[in-house]
Amino acid sequence: MGSSFILILVMLAIVLQLSIFRCLKKFRSFEYKSTYGNRHWASAALAPNWRGDYSQSQILSFRFPRDGATSWLGIGAYTQGFLLWVIMADAIAFSLFRYDPFEGIAISSTENYEVFLDRAVPDDLSLPDAVFIHGGRFIMGDCGDDGYGYDSPCKEVVVGDLYVAKYEVTIREYRQCVDYGYCRELPFRILGDDSHIDLSSDDQLPAFGLTWVDAQKYASWLAALTDTAWRLPSEAEWEYFARAGSSSVYYWGDNENCDMVASKAFSLLCGDIVTGPMSVGSREPNAWGLYDVLGSASEYTLDCWYYPYDSLHNTAEPIVSGDCSKRVKRGGGWSNSTSLRIRSRWGMPIERSQVDDGLRLVRDAN
């Protein structure tokens, strides 16, 4: 969010710059013409030739203009100079300290949605088949120079004990929340160039095409219905259990392996065209018994979208600063064509989705 704050200030400074030159041409036409001739005021503002009575140094030192007849120019000049100094200070602070002027804002959407239970628990309610994962320390992110800075710098993170669902939430499980009247109904269809594939009849496919709000509502509904604290994982928790003790590019090693995952990211190597998801558990699990952590469906986390990593944040608590209108998703999906590296991450607006976006649930061991 710090970079966004700088951008906002820069835009304000540009608006003020335009306003000042518009007023110069209107109220000080003689001085303006002697300096800029017949140039349009917008052209002069965006590419000024700083000379004559009204120089940039005078604006920066708040000495422009001098008489009270044009006080609005004086206010604009003061504000312009102040903004320039704030932009410079904010840019230095953000670069050196990863300063976030909006830290802690907009965290309410991290909280669970309130669920009103007005029906009995369904007799055939599906519960996550969970694996107990011992907590520990691991290195999160990219320690090299690869990537675009979204997953760096690397840092050591401590994660507590967890129960993690073996499988991603399936269509059948999600539909139970729809039938209860709490979750949004989804068609579970894929629209292609030449085809319209309806996958809604396969209950063992991962629920796909979900928004972050859909995923959060499902987790909140199941937690309330079972009185068990099921939730989305934090981003650090996700990378910890996806790695399963490994430090490699993928949980099985550093090389692409067509037998481990189906995704467009591997299609050139594997020679097959991936057109949709596979039933949960179709491929080999990672070393801790978790299926489809890469490929199949992307998995949402609780964290707000931000980068680069804060090396001082070394717990598994979700990040609740940054751009909280977007949330981090991990693992890639069958439609992902770029990277299935464990450390790869994306930010998705909370009420938008891509065709292969889904979820996996966790709960604290205590």
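Reading guide: rules and limits
- Residues numbered from 1 in each chain as written.
- Predicted model: local features only at pLDDT ≥ 70, side-chain atom pairs only at ≥ 80, totals over all residues.
- Heavy atoms only, no water.
- Disulfide = S-S within 2.5 Å.
- Buried < 20%, exposed > 50% of the residue type's maximum accessible area, 1.4 Å probe, protein only.
- Helix = DSSP H or I, 4+ residues; strand = E, 2+ residues; numbered from the N terminus.
- Lys, Arg positive; Asp, Glu negative; His and termini not counted.
- Salt bridge = Lys/Arg side-chain N within 4 Å of Asp/Glu carboxyl O.
- Polar contact = N/O pair within 3.5 Å; in protein donor to acceptor, adjacent residues only side chain to side chain.
- Contact = heavy atoms within 4.5 Å.
- Pairing = 2+ DSSP bridges.
- Axes fitted to C-alpha atoms, helices over the stretch in contact; angles between N-to-C directions.
- Expected span 1.5 Å × (residues − 1).
- pLDDT = per-residue confidence, 0-100.
- Phe/Tyr/Trp six-rings, centres within 6.5 Å; stacked < 30°, edge-to-face > 60°.
- Lys NZ or Arg CZ within 6 Å of the ring centre and 35° of its normal.
- 1 Å grid on protein atoms, 1.4 Å probe; cavity = no way out; pocket = protein on both sides within 12 Å on 5 of 7 lines; lining within 4 Å.
- Points joined across faces, edges and corners; volume = space filled by probe spheres on them.
- Nonpolar A, V, L, I, M, F, W, Y, C, P; charged D, E, K, R; others polar.
- Core = buried A, V, L, I, M, F, W, Y, C linked by side-chain atoms within 4.5 Å.

Enquirer: Help me understand the state of the cysteines, please; the structure alone is not making it clear to me.
Expert: Applying the stated criterion to the full structure yields three disulfides. Through a disulfide, Cys177 is tied to Cys183; the S-S separation comes to 2.0 Å. On the sign convention where negative is left-handed, the bridge of Cys177 and Cys183, at about 75 degrees about the S-S bond, is right-handed. Cys183 gets classed as buried once you look at its relative accessible area, which sits at 9%.

Enquirer: Teacher, can you tell me more about the side chain of Glu168 here?
Expert: Following the sequence through the fold, Glu168 ends up in the loop between strand E4 (162–165) and helix H6 (171–180). The side chain of Glu168 sits in the buried core without any salt bridge; Arg360 is the nearest counter-charge, 4.2 Å away. Only 3.2 Å separates the side chain of Glu168 from the side chain of Ser296, close enough to count as a polar contact. Among residues more than four places away in sequence, those in contact with Glu168 are Glu173, Pro206, Val280, Asp292, Gly295, Ser296, Ala297, Glu299, Leu359 and Arg360.

Enquirer: I keep staring at the sheet that holds strand E11 (residues 362–364) and nothing clicks. Help me out?
Expert: Strand pairing within a sheet occurs via backbone hydrogen bonds; the two strands may be parallel or antiparallel. The strand order E1-E4-E11 describes an open sheet built from three strands, whose pairing is antiparallel. The outermost strands of the open sheet, each flanked by one partner alone, are strand E1 (130–133) and E11. Within this sheet the neighbouring strands show an average axis-to-axis angle of 25 degrees, counted without direction. Where E1 meets E4, four bridges bridge the pair, whose relative direction is antiparallel.

Enquirer: Any chance you could explain the sheet that holds strand E10 (residues 357–358) here in plain terms?
Expert: Taken in spatial order, the four strands line up as E9-E8-E7-E10 in an open sheet, and their pairing is mixed. The sheet terminates laterally at strand E9 (345–349) and E10, the two strands that pair on one side only. Relative to E10, strand E7 (residues 298–305) runs parallel, the two being bridged by two bridges. Among the inter-strand pairings, Glu299 is bridged to a residue of E10, identified as Gly358. Sitting on the sheet, helix H7 (residues 212–226) touches E7 and strand E8 (323–330), and the angle it makes with E7 is about 95 degrees.

Enquirer: For this particular structure, what's the right way to read the pattern of salt bridges?
Expert: Opposite charge on two side chains allows them to pair when their charged atoms are near. Scanning the model with the defined rule gives 15 salt bridges in all. In this structure, the salt-bridge partner of Arg184 is Asp214, at a minimum N-O distance of 2.5 Å. Of the two residues, Arg184 sits in the loop between H6 and strand E5 (189–191) while Asp214 sits in helix H7, which places them 30 residues apart along the sequence. Relative accessible area serves as the criterion here: at 41%, Arg184 is assigned to the partly exposed category.

Enquirer: Help me understand H7 in this model?
Expert: Side chains three or four residues apart in an α-helix point the same way, a direct result of the helix having 3.6 residues per turn. Over its 15 residues, H7 runs 21 Å from end to end, which matches the ideal 21 Å to within 8%, given 1.5 Å per residue. Taken together, the buried positions of H7 are occupied by Trp212, Val213, Asp214, Ala215, Gln216, Tyr218, Ala219, Ser220, Trp221, Leu222, Ala223 and Leu225. Each element contacted by the buried residues of H7 is listed here: H6, E7 and E8. Within two residues after H7, Asp227 carries a phi angle of roughly 55 degrees, on the positive side.

Enquirer: Looking at this model, I keep getting lost on the environment of Tyr307. Mind explaining?
Expert: You can see Tyr307 is positioned in the loop between E7 and E8. Tyr307 sits in the partly exposed class, given a relative accessible area of 41%. C-alpha of Tyr307 to C-alpha of Ser152: the two residues are 155 residues apart in sequence and 7.9 Å apart in space. Not counting the four nearest positions on each side in its chain, Tyr307 is found in contact with Gly149, Tyr150 and Arg345.

Enquirer: Sorry, what's going on with the confidence of the model for the protein here?
Expert: Low pLDDT marks regions whose predicted coordinates should not be analysed in detail. For the protein, mean pLDDT is 81; residues scoring 70 or higher make up 75% of the total. Predicted confidence is poor over residues 50–54, with pLDDT under 50, and the contacts of this stretch with residues over four places away or in other chains come to 15 contacts.

Enquirer: Sorry, what's going on with the packing of aromatic side chains here?
Expert: Under the definition given, this model contains 19 aromatic pairs. One aromatic cluster is present, formed by Tyr174, Tyr180, Phe188, Phe208, Tyr218, Trp221 and Trp334 through successive ring pairs. Directly above the ring of Trp212 sits Arg327, whose terminal nitrogen or CZ lies 4.3 Å from the centroid. In this structure, Arg363 is placed above the aromatic ring of Trp230, and the distance from its NZ or CZ to the ring centre is 5.2 Å.

Enquirer: Looking at this structure, how should I read helix H8 (residues 235–243)?
Expert: For H8, the tally of buried residues reaches nine of nine residues, placing the bulk of the element in the interior. Among all positions of H8, only Glu235, Ala236, Glu237, Trp238, Glu239, Tyr240, Phe241, Ala242 and Arg243 are buried. After H8 finishes, the residue Ala244 shows a positive phi value of roughly 55 degrees.

Enquirer: What exactly am I supposed to notice about empty space enclosed by the protein here?
Expert: In this approach a probe as big as a water molecule rolls over the atoms, and the regions it shows empty are the leftover space. Taken as a whole, this structure holds two cavities of 30 Å³ or more when the rule is applied. When its volume is computed, the largest cavity comes out at roughly 90 Å³. Taken together, 14 residues line the largest cavity, and the ones lying closest to its centre are Ala262, Met278, Arg283, Asp292 and Ser296. Within the lining of the largest cavity, the residues separate by chemical class into eight nonpolar, four polar and two charged.

Enquirer: Would you explain the nonpolar core in this entry?
Expert: With 37 residues, the main nonpolar core has Tyr174, Phe188, Tyr218, Trp221, Leu232, Leu359 and Leu361 as its most contacted residues. Only H6, H7 and E7 provide two or more residues apiece to this core. Per element, the largest residue contribution to this core is eight residues, and it comes from H7. Each residue touching Trp221, except ones within four places of it in the same chain, is listed here: Val115, Leu125, Gln176, Cys177, Tyr180 and Tyr182. Ranked by size, the runner-up nonpolar core spans 29 residues in total, among them Ala236, Tyr251, Phe266 and Val293.

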